[in-house]
Amino acid sequence: MVEPNRPLFVLFGSSIVQFSYGLHGWGATLADLYARKADILLRGYAGWNSRMALQVLDKVFPKDAEIQPSLVILYFGGNDSIDPEVPDSTHVPLEEYVENMRNIALHIKGLSEKTRLILLSTPTVNEDQIVQCYGDNLGRTNEKSRIYSEACIRLGQELGDKVIDLWSALQERPDWLTTCFWDGMHLTKEGSEIVANKIKMVLTEAEWEPSLHWTKMPDEFFDIII
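- In the nomenclature of an unreviewed UniProt entry, the protein is known as SGNH hydrolase-type esterase domain-containing protein of Anisodus acutangulus.
- Its UniProt record gives the protein a comment under Sequence similarities (unreviewed entry), which states: "Belongs to the 'GDSL' lipolytic enzyme family."

**Brief notes about the overall build of the protein**
Right, on to step 1. In terms of helices and strands, the protein carries 10 helices and five strands.
Right, on to step 2. Taking 2.2 N^0.38 as the reference for a compact globule, 226 residues should give roughly 17 Å; the C-alpha atoms of the protein span a radius of gyration of 18 Å, in line with that estimate.
Right, on to step 3. Dimensions along the principal axes, computed over C-alpha positions, put the protein at roughly 60 × 35 × 30 Å.
Right, on to step 4. Scored against the burial criterion, the 226 residues of the protein give a buried share of 49%.
Right, on to step 5. For the protein, contacts bridging at least 24 residues in sequence account for 76% of all contacts bridging at least 6.
Right, on to step 6. Roughly 11,400 Å² of accessible area belongs to the protein as shown, and the carbon and sulfur atoms make up 52% of that amount.
Right, on to step 7. Between the centroid of the 21 positive side chains of the protein and the centroid of its 33 negative side chains there is a distance of 4 Å.

**Remarks on the nonpolar core**
Right, on to step 1. Membership of the largest hydrophobic core comes to 33 residues, with the highest contact counts inside it found for Trp26, Ile73, Ile118, Leu120, Ile199 and Leu203.
Right, on to step 2. Mapped by element, the contributors of at least two residues to this core are strand S1 (8-13), helix H1 (15-18), helix H2 (26-33), strand S3 (71-75), strand S4 (116-120), helix H8 (166-171) and helix H10 (189-205).
Right, on to step 3. Counting residues per element, this core draws most heavily on H10, at six residues.

**As for the environment of Met52**
Right, on to step 1. Summarising the element assignment, Met52 is placed in helix H3 (residues 50-55).
Right, on to step 2. Counting along the chain gives 24 residues from Met52 to Phe76, while the straight-line C-alpha distance between them is 10.0 Å.
Right, on to step 3. If sequence neighbours within four positions are ignored, Met52 has contacts with Gly47 and Thr90.

**Side note on the sheet that holds S3**
Right, on to step 1. Read across the open sheet, the five strands follow the order S2-S1-S3-S4-S5; overall the sheet is parallel. The sheet terminates laterally at strand S2 (39-44) and strand S5 (162-164), the two strands that pair on one side only. Here the average twist between neighbouring strands, direction ignored, is 15°.

Calculation rules
Residues numbered from 1 in each chain as written. Predicted model: local features only at pLDDT ≥ 70, side-chain atom pairs only at ≥ 80, totals over all residues. Heavy atoms only, no water. UniProt positions renumbered as here; feature names shortened; annotations may be inferred. Helix = DSSP H or I, 4+ residues; strand = E, 2+ residues; numbered from the N terminus. Rg over C-alpha atoms; globule rule 2.2 N^0.38 Å. Buried < 20%, exposed > 50% of the residue type's maximum accessible area, 1.4 Å probe, protein only. Contact = heavy atoms within 4.5 Å. Areas by Shrake-Rupley, 256 points an atom, 1.4 Å probe, with all protein chains shown as cover. Lys, Arg positive; Asp, Glu negative; His and termini not counted. Charge placed at Lys NZ, Arg CZ, Asp CG, Glu CD. Core = buried A, V, L, I, M, F, W, Y, C linked by side-chain atoms within 4.5 Å. Pairing = 2+ DSSP bridges. Axes fitted to C-alpha atoms, helices over the stretch in contact; angles between N-to-C directions.

So this is what it looks like as C-alpha cells:
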C-alpha cells in the first residue's frame, strides 16, 4: 500500500478496458486528468464476458476492503454478443447478460454509500475491417452489438445509474468506420477520444456529492511550502 490514500476509480471490463492505457487510450486520458487527485485502477480482462466477470466479482471488489472505490466504470457486452455458433464462442444469451450485469452493478453499488457507477454499453463494430484483419467476422455483427447495447442502456436506466451509449457515440463521427478501430472492434486514439469525452461529460453533469469532477477535487500535497 502506498500512502496517502486518494479516491479510487476502478475501470472494470474486457478488452475495451484492458487496452485503454495503450494507443492514447481513454483510461490513460482519465489517469492524466486525475493526476494527484485520484488513483485510476485498471481491471481489464481481454476476451471476458459478463459470466466470467461475475465469477470473480468478490475478488475484484471485496466487500470488506478497507478502501472502497469512489467510482467504477463498468463494461462488458462485446464478447457476450458474439454468435454462439463460432468456435470457442464467449456468447452469453441476452437475458443472462442483463442479469449478470444487474448483479455486478448491484454488488458494486453496495460497496459503500459513496461508490458511483458508470456503465458503458456495447460499442459498434466495423465488420468489414474485422474480416480484413482476422479472415472472418469472429461472430461479431453490428446488429448484435446494437441489441446488447440497448439492453445495457435499459438496465442502467432501470437501476438509476449513469450509462453511456457507445454504440451510438462512436457513430456520431462521420468517418467512424475508418478512424475508430484498428481491427474493427478495438479502439484507436480517435475512438478512445470519443469514449473519454463521453465519460468527462457524465462527470461534469453528475450531481454527485462529493463531486468527482476533476476540477472540484483537491490536488495532493498542493499547499506544501518547500
